[in-house]
Amino acid sequence: SKSPIDQNIEDEVIAFLNQYAEEFDAIIISDYQKGMLTDRVLEKLTSCASHSTVIADPAKGAPIERYKGVTAMKPNRHECEAAVGFPVDSKEEVIKAGKILLEKADLDYTLISLDTDGIFYINKNHDYLFVPTQPLEVYDVAGAGDSVISIMALLSKADIAPRYLLETANAAAGIMISQQSPKHISREDLIHRMVVGKDELNRKIKTLDELEIILKSSSRQNKKVFFTNGYYDNVSRERILYLEKLS
């Protein structure tokens, strides 16, 4: 149902926030337009930005001013275009759109998910960064945006440079879209994606630390590991048959 929650439930939500919200490092507002975020509830949530990081994932077509006062926002390209009223294709258009979002919602910073073009970051000082996506096999794009906003919340109290925030969020989204349901991201998966998975380190010879990360990664769980001698620069039919026998 998209009907607003009744006043009794609304009062309970606000009472909960009054009692516990100051204990939270970060609060994520995911607006699915299901009636939960009434004006009173949203007003209370945005006021929590005085003591916690409050990040909004806006509803498509909702006025950006509705979330005014939150710390940060993470729209995707389509939500951003709906908010600013023009296509967001070129870098110049993305930067212009980011500045409009900052002003309209009085944000400290915003991230914009640009699907295959990566992620864009801009803060209230108009410092900005583009982090391109890493090419990989895509199974299902569902959950990529949720991964980005989760990393934003997770690292909200960390003394971390924006580039590392974006790279971590981008890595999480990359893991998510390369998985089939059910989906999850472990700490080891994230480290593997960011460290071992980078092109400059994705070489044949691994250190013991890199091997430990690879073997702990959930993508390697329930798989056999074989030790063999020889070299495989030139793969012959005999070597393929040998590997098939091992498995």
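Notes on the structure in this doc start here.

## Thoughts on empty space enclosed by the protein
Across all of its chains, the model carries one cavity of 30 Å³ or more by this definition. When its volume is computed, the largest cavity comes out at roughly 30 Å³. The wall of the largest cavity is formed by Pro58, Ala59, Lys60, Gly61, Ala62, Ile64, Glu79, Ala82 and Ala83. Within the lining of the largest cavity, the residues separate by chemical class into six nonpolar, one polar and two charged.

## Looking at the nonpolar core
In terms of nonpolar packing, the biggest core is built from 37 residues, with Ile29, Tyr67, Val88 and Phe120 touching the most fellow members. For this core, the elements supplying multiple residues, two or more each, are α1 (7-20), β1 (26-30), α2 (39-47), β2 (53-57), α3 (77-84), α4 (91-105) and β5 (119-123). It is α4 that provides the largest number of residues to this core, a total of six residues. Once residues lying within four places of it in the same chain are set aside, the contact partners of Tyr67 are Asp31, Leu42, Thr46, Ala56, Pro58, Ala59, Ala62, Met73 and Ala105.

## Quick word on the sheet that holds β1
A sheet is described by the order of its strands in space; here six strands give the open sequence β1-β2-β3-β4-β5-β6, paired in mixed fashion. The outermost strands of the open sheet, each flanked by one partner alone, are β1 and β6 (128-131). When β1 meets β2, the two strands line up parallel, connected through five bridges. When the sheet's bridge partners are listed, Ile27 is paired in β2 with Val54. Packed onto the sheet, helix α6 (residues 162-177) meets β4 (109-113), β5 and β6 and runs at close to 30° relative to β6.

Conventions used here
- Residues numbered from 1 in each chain as written.
- Predicted model: local features only at pLDDT ≥ 70, side-chain atom pairs only at ≥ 80, totals over all residues.
- Heavy atoms only, no water.
- 1 Å grid on protein atoms, 1.4 Å probe; cavity = no way out; pocket = protein on both sides within 12 Å on 5 of 7 lines; lining within 4 Å.
- Points joined across faces, edges and corners; volume = space filled by probe spheres on them.
- Nonpolar A, V, L, I, M, F, W, Y, C, P; charged D, E, K, R; others polar.
- Core = buried A, V, L, I, M, F, W, Y, C linked by side-chain atoms within 4.5 Å.
- Buried < 20%, exposed > 50% of the residue type's maximum accessible area, 1.4 Å probe, protein only.
- Helix = DSSP H or I, 4+ residues; strand = E, 2+ residues; numbered from the N terminus.
- Contact = heavy atoms within 4.5 Å.
- Pairing = 2+ DSSP bridges.
- Axes fitted to C-alpha atoms, helices over the stretch in contact; angles between N-to-C directions.

In short, shape yes, function no, at least from these values alone.
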